[in-house]
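Chain by chain, the residues run as shown.
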Amino acid sequence: MANKKRIVVYPGSFDPVTNGHLDIVHRACRLFDHVVVAVSQNPLKTCLFSLPERKRFLTLALAPLIRQGKVSVELFDGLLVHFAQKKGAEAVVRGLRAISDFEYEFQMALMNRHQDSSVETVFLMPDEKYTYLSSTVIKEIVRLGGKIERFLPAAIVPEIRKKLRPAR
Ligand code: ADP
């Protein structure tokens, strides 16, 4: 099937989405026809932003790519490989920032391969300027009143500030 659309799933908590995540989405769009950004409902992870908030932030940040039909944003729970199968995805993409990400990502990729060997994991590296960026660091800096404009999609900055730094 030469014309089959090549689909990849990009799963994560996105609590909240940062420019590092967006960098990975853009890179994945160059390699695949469609990227399904999958917001995880993992009950073992405590997130600051609710699932609908996290999905809405991604939808705002990715609006142009969504309009072009290159990206969709969905919620998912359960096994990642089951979600990938349901979406007709041949791969999962994850971002690798530094060696510190490697061990966990390697473990997850091999565990996913064990569940379904037809779903590959593809690792992409973001631009160096995002190597030390994480949603956790962003939340901390916003809470303390620091500068974050360079690291967050412009459309969501006011909402993140409002939630983390209510008028005082
Ligand atoms: P999870 O809880 O699944 O790790 P995250 O939202 O923290 O969810 O991350 C989702 C994916 O995005 C992971 O592969 C992570 O390594 C990657 N990622 C997070 N921050 C960045 C960044 N600054 N640059 C590139 N990739 C990133």
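Figured I'd write up the structure that's included with this text. Quantities reported herein were computed from a predicted structural model and do not represent experimental measurements. (Residues numbered from 1 in each chain as written. Predicted model: local features only at pLDDT ≥ 70, side-chain atom pairs only at ≥ 80, totals over all residues. Heavy atoms only, no water.)

**A short note on helix H5 (residues 99–115)**
Worth spelling out the cut-off: Here a helix means four or more residues in a row that DSSP labels H or I, a strand means two or more in a row labelled E, and each is numbered from the N terminus. Each residue after the first adds 1.5 Å to the expected span of a helix. Given a residue, its bend is the angle between the two axes fitted to the seven residues that end at it and to the seven that start from it. The classification of residues rests on relative accessible area computed with a 1.4 Å probe and restricted to protein chains. Under 20% of the type maximum is buried, over 50% is exposed, and intermediate values are partly exposed. We call two residues contacting when some pair of their heavy atoms lies within 4.5 Å.
For H5, which comprises 17 residues, the first-to-last C-alpha distance of 25 Å matches the rise-based estimate of 24 Å (1.5 Å per residue) to within 8%. A bend of about 25° at Glu 105 is the largest found in H5. Turning to H5, its buried residues number three or more, namely Asp 101, Glu 105, Ala 109 and Asn 112. Where H5 is buried, its residues meet helix H4 (80–87), strand E4 (91–95) and strand E5 (120–124).

**Some thoughts on the site of the ligand**
The condition is simple: Being near a molecule or strand, for a residue, means having at least one of its heavy atoms within 4 Å of it. The definition of a polar contact used here is a pair of N or O atoms within 3.5 Å, where within protein one atom must be able to donate a hydrogen and the other to accept one, and adjacent residues in sequence count solely through side-chain atom pairs. Here the Shrake-Rupley method, with its probe set to 1.4 Å, supplies the accessible areas, and only the displayed protein chains count as covering residues.
Near the ligand, the surroundings consist of 17 residues, among which Tyr 10, Ser 13, Lys 45, Gly 95 and Leu 133 are the closest. At 3.1 Å, a side-chain N or O of Arg 94 approaches an oxygen atom of the ligand. Between the ligand and the protein, one listed contact pairs a nitrogen atom with a side-chain N or O atom of Arg 97 at 3.2 Å. Relative to its unbound accessible area of 540 Å², the ligand is 89% covered by the protein chains.

**Some remarks on the packing of helix H6 (residues 135–143) against helix H7 (residues 157–164)**
Convention followed: Orientation is described by lines fitted to C-alpha atoms, with helices fitted over the stretch in contact, and by angles between N-to-C directions that extend from 0 to 180 degrees. Here the angle decides the label: under 35 degrees means roughly parallel, over 145 means roughly antiparallel, 65 to 115 means roughly perpendicular, and every other value means oblique. Left-handed describes a crossing whose near helix is turned anticlockwise from the far helix through less than a right angle; right-handed describes the clockwise counterpart. Under the grouping applied here, Gly and all other residues not named as nonpolar or charged are polar, the nonpolar ones being Ala, Val, Leu, Ile, Met, Phe, Trp, Tyr, Cys and Pro and the charged ones Asp, Glu, Lys and Arg.
Two elements in contact, H6 and H7, have axes whose closest approach is 9 Å; the angle formed by their N-to-C orientations is 65°. Of the possible angle classes, the one that applies to H6 and H7 is roughly perpendicular. Like other packed secondary-structure pairs, H6 and H7 cross with a definite hand, here right-handed. Between H6, through Lys 139, Val 142 and Arg 143, and H7, the contact on the second element is made entirely by Ile 160, Arg 161 and Leu 164. For the contact of H6 with H7, the class distribution of residues is three nonpolar, no polar and three charged.

**Some remarks on the pattern of salt bridges**
How we decide: Every case where a carboxyl oxygen of Asp or Glu lies within 4 Å of a side-chain nitrogen of Lys or Arg is listed as a salt bridge.
Applying the stated criterion to the full structure yields 12 salt bridges. Put simply, Arg 27 and Asp 23 hold a salt bridge, and the shortest N to O gap is 2.5 Å. Here Arg 27 and its partner Asp 23 are both found in helix H1 (residues 19–31), four residues apart, which amounts to about one turn of the helix. Judged by relative accessible area, which is 25%, Arg 27 ranks as partly exposed. Notably, a salt bridge pairs Arg 113 with Glu 120, separated by 3.4 Å at the nearest N-O pair. For Arg 113, a relative accessible area of 42% gives the class partly exposed.

**With respect to the side chain of Ser 40**
Inspection of the secondary structure puts Ser 40 in strand E2 (residues 34–40). Here Asn 42 takes part through its backbone nitrogen, which lies 3.1 Å from a polar atom of the side chain of Ser 40. If we skip the residues at most four places from it in the chain, Ser 40 touches Gly 12, Leu 51, Arg 54 and Phe 76.

**Quick word on the sheet that holds strand E1 (residues 7–12)**
Within a sheet, adjacent strands bond to each other through the backbone by hydrogen bonds, running parallel or antiparallel. Put simply, the rule is: In this description, strands pair whenever DSSP reports at least two bridges between them.
Taken in spatial order, the five strands of this open sheet run E3-E2-E1-E4-E5, and their pairing is parallel. The open sheet has two edge strands with one neighbour each: strand E3 (71–76) and E5. Neighbour-to-neighbour, the strand axes of the sheet open up by a mean angle of 30°, direction not taken into account. The pairing of E1 with E4 spans two bridges and is classified as parallel. In the strand pairing of E4, Val 8 is matched with Ala 91.

**Describing the packing of aromatic side chains**
Applicable threshold: We call Phe, Tyr and Trp rings a pair once their centres come within 6.5 Å, taking the six-membered ring for Trp, and we label the pair stacked below 30 degrees between planes, edge-to-face above 60, and tilted otherwise.
Using the criterion set out here, one finds four aromatic pairs in the structure. Seen in terms of ring centroids, Tyr 10 and Phe 14 are 5.2 Å apart; in terms of plane orientation they differ by 80°. Their pairing is edge-to-face. Exposure class is identical for Tyr 10 and Phe 14. Each is buried. Centre to centre, the rings of Phe 102 and Phe 106 are 5.1 Å apart; their planes meet at 25°, and the pair counts as stacked. Taken as a pair, Phe 102 and Phe 106 lie in helix H5 at a separation of four residues, close to a single helical turn.

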